[in-house]
Structure formats: C-alpha cells, structure tokens
Amino acid sequence: SNEDVDAVNEKINSLLTAFKVSIDAFYYCPAHPDYSTPEECECRKPSPKMIFDAAAEFNVDLNQSYFIGDTVADIDCGKNAGLKTILVKTGKGEESFSILQKENNFPTFVAENLANACNLILGDI
C-alpha cells in the first residue's frame, strides 16, 4: 500500500540521520501495468515523468545529473530524461547488461555496486 511505501521511506530517512543526511523526497509510481489504466501508468519507468517532476520541484540541472539503476527500464528512464546513466551490476544488473548489449543500448557507465557508482560520479565531475 502507499502507507507501507511511506513507512519504508520514513525508515530509510531515519537510518540516514546517523550520517547527517536525508532524502528530500521520494517518488514512485503507485500504478501497476496489469491493473491500472495507461494514463495511471504514465509515471512508470522508462517514462522520465518523475525525474522531470523532481527536477522542477528542486530546481535540478538535469545536464549535471546521473541516474543509477540495475534494470533496462532504469537506464532507459535516465536516457529519456537526458541524464548520464550508471548501471550497477548488483541486483538485476548483470542480466540487464546482457540485454542492453544485445540492444546496443549502453549506459554511460557500468559499476560493480553503488559505492563504485558514486566513485564514478566523483571522478566524472
């Protein structure tokens, strides 16, 4: 439920307080392609709608931004928003990389994990 998602997001932010950081906003699409109308699913990846919404809300320069993910939809979403993309090999990343290779649809970077992705960003800026 939306309440469960909100509770998880609140927990994430409470855990991050130990590091003196927080996530300003969480965006997710509550629609499901099997049970929702196409209009309700317009926010689902690979649509960049949520990225554009967040960029507008927080005045984010998308030309200086990155999208990190482990799925083909993540990489396509980032590309659709004009971002540099990083595929992490954790989670579904290995399988997704194989699919992206076959499609000749490469991310900007490939990282072993999230920490490696952060280092790639720091090295790129």
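Above this note sits the structure.
For clarity, every value in this text was computed on a predicted model and none was experimentally measured.

Definitions and limits used
Residues numbered from 1 in each chain as written. Predicted model: local features only at pLDDT ≥ 70, side-chain atom pairs only at ≥ 80, totals over all residues. Heavy atoms only, no water. Helix = DSSP H or I, 4+ residues; strand = E, 2+ residues; numbered from the N terminus. Buried < 20%, exposed > 50% of the residue type's maximum accessible area, 1.4 Å probe, protein only. Contact = heavy atoms within 4.5 Å. Patch = residues over 30% accessible without salt bridge, like charges linked within 9 Å, V, L, I, M, F, W, Y side chains within 5 Å. Areas by Shrake-Rupley, 256 points an atom, 1.4 Å probe, with all protein chains shown as cover. Salt bridge = Lys/Arg side-chain N within 4 Å of Asp/Glu carboxyl O. Pairing = 2+ DSSP bridges. Right-handed = clockwise from strand over helix to strand, strands pointing away. 1 Å grid on protein atoms, 1.4 Å probe; cavity = no way out; pocket = protein on both sides within 12 Å on 5 of 7 lines; lining within 4 Å. Points joined across faces, edges and corners; volume = space filled by probe spheres on them. Nonpolar A, V, L, I, M, F, W, Y, C, P; charged D, E, K, R; others polar.

Undergrad: Would you mind showing me how to read the environment of Leu 83 here?
TA: Structurally, Leu 83 is set in the loop between helix H3 (72–80) and strand E2 (84–88). Look at Leu 83 and you get buried, because its relative accessible area is 10%. Through-space distance from the C-alpha of Leu 83 to that of Ile 51 is 9.7 Å; in sequence the pair is 32 residues apart. The residues touching Leu 83, leaving out its near neighbours within four places in the chain, are Ile 51, Leu 62, Ser 65, Tyr 66, Phe 67 and Gly 78.

Undergrad: Whenever I open this one, the side chain of Ser 65 confuses me. Can you help?
TA: Of note, Ser 65 is situated in the loop between helix H2 (49–58) and strand E1 (66–69). Filtering out sequence-adjacent residues up to four positions away, Ser 65 remains in contact with Val 60, Leu 83 and Lys 84.

Undergrad: Help me understand a nonpolar patch on the surface in this model?
TA: Together, Val 8, Ile 12 and Ile 23 make up a nonpolar patch on the protein surface, roughly 220 Å² of accessible area in all. The topology assignment puts Val 8 in helix H1 (residues 2–16). Take Val 8: its relative accessible area is 48%, and that puts it in the partly exposed class.

Undergrad: Would you explain the pairing of E1 in this entry?
TA: If a strand is regular, its side chains alternate between the two faces of the sheet. In this sheet, E2 lies alongside E1 in parallel orientation, the contact comprising 4 bridges. Across the sheet, residue Phe 67 finds its bridge partner in E2, namely Thr 85. With respect to chirality, the unit in which E1 leads through H3 into the neighbouring parallel E2 is right-handed.

Undergrad: It is not clear to me how H3 should be interpreted in this structure. Could you clarify?
TA: Within an α-helix, residues lying three or four positions from one another point in the same direction, as the helix has 3.6 residues per turn. All buried positions along H3 are accounted for by Val 72, Asp 74, Ile 75, Cys 77 and Gly 78. Just downstream of H3, Gly 82 is the residue with a positive phi angle, here 80°.

Undergrad: Could you clarify how one ought to interpret the layout of surface pockets in this entry?
TA: If a probe the size of a water molecule is rolled over the atoms, the empty space left behind becomes visible. Each pocket or cavity is described by its volume, and for the largest pocket that value is around 1,000 Å³. Lining of the largest pocket is provided by 24 residues; of these, Ala 25, Tyr 27, Ile 51, Tyr 66 and Phe 67 occupy positions nearest its centre. Broken down by secondary-structure element, the contributors of at least two residues to the lining of the largest pocket are H1, H2 and E1. A class-by-class count of the residues in the lining of the largest pocket yields 18 nonpolar, 4 polar and 2 charged.

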